[in-house]
Amino acid sequence: MKTNLITREGFEKLNKELNYLWREYRPEITKKVTWAASLGDRSENADYKENKRLLRQIDSRVRFLRKRIEAIKVIEYSPEQDGKVFFGAWVEIENDNGDTKRFRIVGPDEIYGRNDYISIDAPMARALLKKEVDDEAVVATPVGKQTWYINAISYSSPAADSE
């Protein structure tokens, strides 16, 4: 089951997608459907069929986004979180082999298209929650348990850290 949490950035991204689909993309496709329908025979009209298919996809995504936006809860950063891993944290971890990873713990709606985000529902995120720098986290993986050590915790983006 998905956790209904999201960061402020993720919430704004979902709203932006919804507004684009509803106010810009859907009206554009609707015009194309109307134009293609005016050409006559719809049974062999590829423009009509393709744009109707697109319209169904847009409507499906719009319905999903509206329901999802109503169900999710935006989690804002709080200064009390500093020093510990909580939702929205950028975490750098290292294992015994010296392999390091850096990622942000976010809601399940935010991870798509991002290699540096992991869901709060992921076993790695669950194992890291409430830990501090230099703590170790044991993570259950398909190949067995692995131990990771926390090197750094931040609540600002990596780009902001380097400025």
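Residues numbered from 1 in each chain as written. Predicted model: local features only at pLDDT ≥ 70, side-chain atom pairs only at ≥ 80, totals over all residues. Heavy atoms only, no water.

**Overview of the packing of helix H1 (residues 8–37) against helix H2 (residues 46–71)**
At their nearest, the axes of H1 and H2 sit 9 Å apart, and the two run at 155° to each other. In terms of axis orientation, H1 runs roughly antiparallel to H2. Our pair here, H1 against H2, has a crossing hand that is left-handed. Split into classes, the residues belonging to the contact of H1 with H2 amount to 18 nonpolar, three polar and eight charged. (Axes fitted to C-alpha atoms, helices over the stretch in contact; angles between N-to-C directions. Helix = DSSP H or I, 4+ residues; strand = E, 2+ residues; numbered from the N terminus. Parallel < 35°, antiparallel > 145°, perpendicular 65-115°, else oblique. Left-handed = near helix turned anticlockwise from the far one by under 90°. Nonpolar A, V, L, I, M, F, W, Y, C, P; charged D, E, K, R; others polar.)

**Here we look at the sheet that holds strand E4 (residues 100–106)**
With respect to topology, five strands assemble into an open sheet ordered E5-E4-E3-E7-E6, the strand pairing being mixed. Only two strands of the sheet have a single neighbouring strand rather than two, namely strand E5 (117–119) and strand E6 (136–141). Pairs of neighbouring strands in the sheet enclose a mean axial angle of 45°, with direction left out of account. Note: strand E3 (residues 90–95) against E4, five bridges, orientation antiparallel. Residue pairing across strands places Glu92 opposite Arg102, the latter belonging to E4. (Pairing = 2+ DSSP bridges.)

**Comments concerning unusual backbone geometry**
Only a minority of non-glycine residues have a phi that is not negative, and only a minority of peptide bonds are not trans. Here the phi dihedral of Lys130 falls at roughly 70°; this positive angle occurs in a residue that is not glycine. Inspection of the secondary structure assignment puts Lys130 in the loop between helix H3 (123–128) and E6. Backbone geometry at Asp134 places phi at a positive 80°, although glycine is not the residue there. Structurally, Asp134 can be placed in the loop between H3 and E6.

**Structural notes on H1**
With 30 residues, H1 ought to run about 44 Å at 1.5 Å a step, and its terminal C-alpha atoms sit 42 Å apart, in line with that. The sharpest bend along H1 comes to roughly 40°, located at Leu21. Turning to H1, its buried residues number three or more, namely Gly10, Phe11, Leu14, Leu18, Leu21, Ile29, Val33, Ala36 and Ala37. Along its buried surface, H1 packs onto strand E1 (5–7), H2 and strand E2 (73–75). (Expected span 1.5 Å × (residues − 1). Bend = angle between axes of the 7 residues up to and from the residue. Buried < 20%, exposed > 50% of the residue type's maximum accessible area, 1.4 Å probe, protein only. Contact = heavy atoms within 4.5 Å.)

**Some points on the nonpolar core**
Within the largest apolar cluster, 19 residues are counted, with the highest numbers of intra-cluster contacts made by Val85, Val91, Ile93, Phe103, Ile105, Met124 and Leu128. Elements represented by at least two residues in this core include exactly E3, E4, H3, E6 and strand E7 (144–154). Of the residues forming this core, the biggest block, four residues, is contributed by H3. The residues touching Ile105, leaving out its near neighbours within four places in the chain, are Val85, Phe86, Phe87, Gly88, Ala89, Val91, Ile118, Ile120 and Ala125. By size, the runner-up hydrophobic cluster in this structure holds 17 residues, among which are Phe11, Leu18, Leu21 and Ala37. (Core = buried A, V, L, I, M, F, W, Y, C linked by side-chain atoms within 4.5 Å.)

Read these as layout, nothing more, since geometry by itself doesn't imply function.
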